[in-house]
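Residue strings, one per chain:
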Amino acid sequence: MIHTKVCGSRTDLHRKKKLWMVSELIQSTNTSSSSSRHLSKRSSKFHPPVPPLHFTMCGILGLLLHDPAVDAAAEICEGLSLLQHRGQDACGIVTCGPKGRFYQCKANGMVRDVFDDKAIARLIGGMGIGHVRYPTAGSSNHAEAQPFYVNSPYGIVLAHNGNLIDSASLLQFMDATAHRHINTSSDSELLLNIFADNLQQTGKFRINEEDIFTAIGGLMKQCRGAYACVAMIAGFGIIAFRDPNGIRPVGMASRKANAGKDWLFASESIVGDAGGFSDWQDVKPGEAVIITRSGVSRRVVAEPATFAPDIFEYVYFARPDSVLDGVSVYRSRMAMGDALAEEVRKVLTEENITVDVVIPVPDTSRVAALNLAQKLQLPYREGFIKNRYVGRTFIMPGQQTRRKNVRKKLNAMALEFADKNVLLVDDSIVRGTTSKEIIQMAKDVGAKKVIVASCAPPIRHSNVYGIDMPSRSELVAHGRTTEEIAEAIGADLVIFQKLPDLIASVRQFKPSIEAFDCSVFTGEYVTGGIDEAYLAYIESLRADHVNNDVLTSDPRGSEGKGTNGINGINGYHRRDPVATVNGADDTVGLHNTWNIN
């Protein structure tokens, strides 16, 4: 079933045509041959006229049950709820039932809102994949919820966590050489079509594992950036693969099931723990894993590269009860607290300041704050009570929304603050919006001095690998000294973790990890190919700019949740509402059962 929608305005179509003409001219100059099917020797220089696609920090999951008569949807839904911290804006599930038919349900909203009993009952089949996403620029419409689907070849669905940094040249390749239409502004759809195009080259009636390994190996030569993906081929099985640097996480686990095994892919190990799976293994950098009911095939299909998992997973994003790449997130945060305690002791001595109490900023910093308090032999108190029904402010899609929600999210107890010098421990300081409000809340209830200690170093650079951090000018640490940061957020003193101490806090549990992606702290990008033009251009497409400058048609626009007027053509955004006809929604290609009574 194919859903249709009315195209954008004549101006939009003219702009799209102009962009592609510019892109084609650039690519004819910078690629070795326009007739080549692979872009293995692309120029690393970014060309601003063609915009990058949108990227997300997400949670991904794949499940294959040994018994095909048992539906997998309910368990996938439970697994996605355990990954909800990785994305609260949209979610989706696609299952594969008898005769290789796909069943889909995806929409904006949290897992509990999208998937009720009726929605789950419509998702038939013993294998499937799922996805949760948080909002980024231009991504707040149902068409950009994942997984994505292509019917040719063989029927494929894919869910992705990360970001491609060479989407401009890949888009030109899709248009001029592969002749595949990219319908959304998501580079997840682009990844899916690269994979599909590589499989198409086999020309086979039926494919095997060797064909899939070859296709993914080709994809890893073509695509640059961070990506952890789960995919499913109709009637065949589920697949996971990870970028050659292993920046974004994904792992696998198994569970005994009668005469065989159930198999799981997930962003974090907590999903396997909760589902009774065991033998958790991380997918290796550059590795592809194919699971069918006949067996498991694994192969590293990429050229060797520096293994550099994103250290911000351990600082903030991952659940503390997960293990990523052999490192316990909980233990690493304990070590961060120990290391930060030494820095705090040193700075407080230099400044001749005494602290009466240590209070964490809920929730991520609790583990580190407790260890820090124990090491400094200071009282540890829960001074902020959290409303658990308000989402994470860091991943909310608008600056005004974040400000309003901080005080809805936290309440300061005067009993723990009044007439005290308070040491607030936070996992990191990004925009400083939340920190400023929290510090003011502490002072409003009587704190004498507020000292802030951050488990992470100052964040001064953009993230291009799938974390939708703000533009550099919006980062409170960008271009500021520690003293200026303290003044900007209203703190009496700010103390940051040293980068070598942060790295050591994680590496000590897995010394074989020689490097981490620390680009938000250092501005050094492990994949290469990032220049000032690229950074400047992606900043122009950030969610805050889009929500403030473009969104005009939806009354919820002030919260950055609008669906009309934000859907883009290849990364550019329309001011006009996008209409639908014949009752169709904005999902293309695969029937979406969401909101059907």
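All values derive from a computational prediction rather than experimental measurement. (Residues numbered from 1 in each chain as written. Predicted model: local features only at pLDDT ≥ 70, side-chain atom pairs only at ≥ 80, totals over all residues. Heavy atoms only, no water.)

Regarding the pairing of strand S7 (residues 225–233)
Put simply, the rule is: Accessible area is worked out with a 1.4 Å probe on protein chains only. A residue is then buried under 20% of its type maximum, exposed over 50%, and partly exposed in between. The secondary structure listing takes helices from DSSP runs of H or I that are at least 4 residues long and strands from runs of E that are at least 2 residues long, numbered from the N terminus. DSSP calls a pair of strands paired once it identifies at least 2 bridges connecting them.
Taking burial as the measure, the nine residues of S7 include nine buried ones, the bulk of the element. Pairing of strand S6 (residues 156–164) with S7, which is carried by nine bridges, proceeds in the antiparallel orientation. Along S7, the bridge assignment pairs Leu164 with Gly225. Where S7 lies against strand S8 (residues 237–242), six bridges are found, and the strand directions are antiparallel. Along S8, the bridge assignment pairs Met232 with Ile238.

Brief notes about helix H14 (residues 433–444)
Given 3.6 residues per turn, any residue in an α-helix points the same way as the ones three and four places further on. Heads up, the condition is: The span expected for a helix works out to 1.5 Å for each residue beyond the first.
The terminal C-alpha atoms of H14 lie 17 Å apart, and with twelve residues this matches the ideal 16 Å at 1.5 Å per residue to within 8%. Three or more residues of H14 are buried, namely Thr433, Ser435, Ile438, Ile439, Met441 and Ala442.

Some remarks on the sheet that holds strand S1 (residues 58–64)
Note the following rule: Lines fitted to the C-alpha atoms define the axes, with helices restricted to the stretch that makes contact. Angles between their N-to-C directions range from 0 to 180 degrees.
As summarised here, the arrangement of the seven strands in space is S3-S2-S4-S1-S10-S9-S11, forming an open sheet in which the pairing is antiparallel. Since the sheet does not close on itself, it has two edges, and those belong to strand S3 (102–108) and strand S11 (278–282), each with one partner. Across the sheet, the mean angle separating the axes of adjacent strands is 15° when strand polarity is ignored. The sheet contact formed by S1 and strand S4 (residues 127–133) spans seven bridges and is antiparallel. Counterpart to Ile60 in the pairing with S4 is His131.

Considerations on the environment of Ala536
Along the chain, Ala536 falls in helix H18 (residues 532–540). Each C-alpha atom, one on Ala536 and one on Ser471, is 8.4 Å from the other, the two residues being 65 residues apart in sequence.

Let's talk about the packing of aromatic side chains
This is how it is decided: Only Phe, Tyr and Trp rings are paired, with Trp represented by its six-membered ring, and only when their centres lie within 6.5 Å; those with planes under 30 degrees apart are stacked, over 60 edge-to-face, the remainder tilted.
What the rule picks out here adds up to eleven aromatic pairs. Geometrically, the ring pair formed by Phe195 and Phe241 is tilted, given 6.2 Å between the ring centres and 55° between the ring planes. Residue Phe195 is found in helix H6 (residues 187–200), and its partner Phe241 is found in strand S8; the two are separated by 46 residues along the sequence. When the centroid spacing of 6.3 Å and the interplanar angle of 70° are considered together, the rings of Tyr227 and Phe241 count as edge-to-face. With Tyr227 in strand S7 and Phe241 in strand S8, the pair connects residues that are 14 residues apart, well separated along the chain. Given a relative accessible area of 0%, Tyr227 falls into the buried group. According to the relative accessible area criterion, Phe241 is buried, its value standing at 0%.

Observations regarding a negative patch on the surface
Put simply, the rule is: Patches draw on residues past 30% relative accessible area with no salt bridge. Two like charges within 9 Å are joined, as are two nonpolar side chains (Val, Leu, Ile, Met, Phe, Trp, Tyr) within 5 Å. Residue exposure ignores everything except the shown protein chains as possible cover, and the areas themselves are Shrake-Rupley values with a 1.4 Å probe. Only one rule defines a salt bridge in this text: a Lys or Arg side-chain nitrogen within 4 Å of an Asp or Glu carboxyl oxygen. Charge assignment: positive for Lys and Arg, negative for Asp and Glu; neither His nor the chain ends contribute. To locate a charge, take NZ of a lysine, CZ of an arginine, CG of an aspartate or CD of a glutamate.
On the surface, Glu350, Glu351, Glu483, Glu484 and Glu487 cluster together into a patch of negative charge. Elements with a contribution of two residues or more to the negative patch: helix H10 (329–351) and helix H15 (482–489). Ranked by the residues each element gives to the negative patch, the list is headed by H15, at three residues. Along the chain, Glu483 falls in helix H15.

Function cannot be read off these values alone, since they describe shape.
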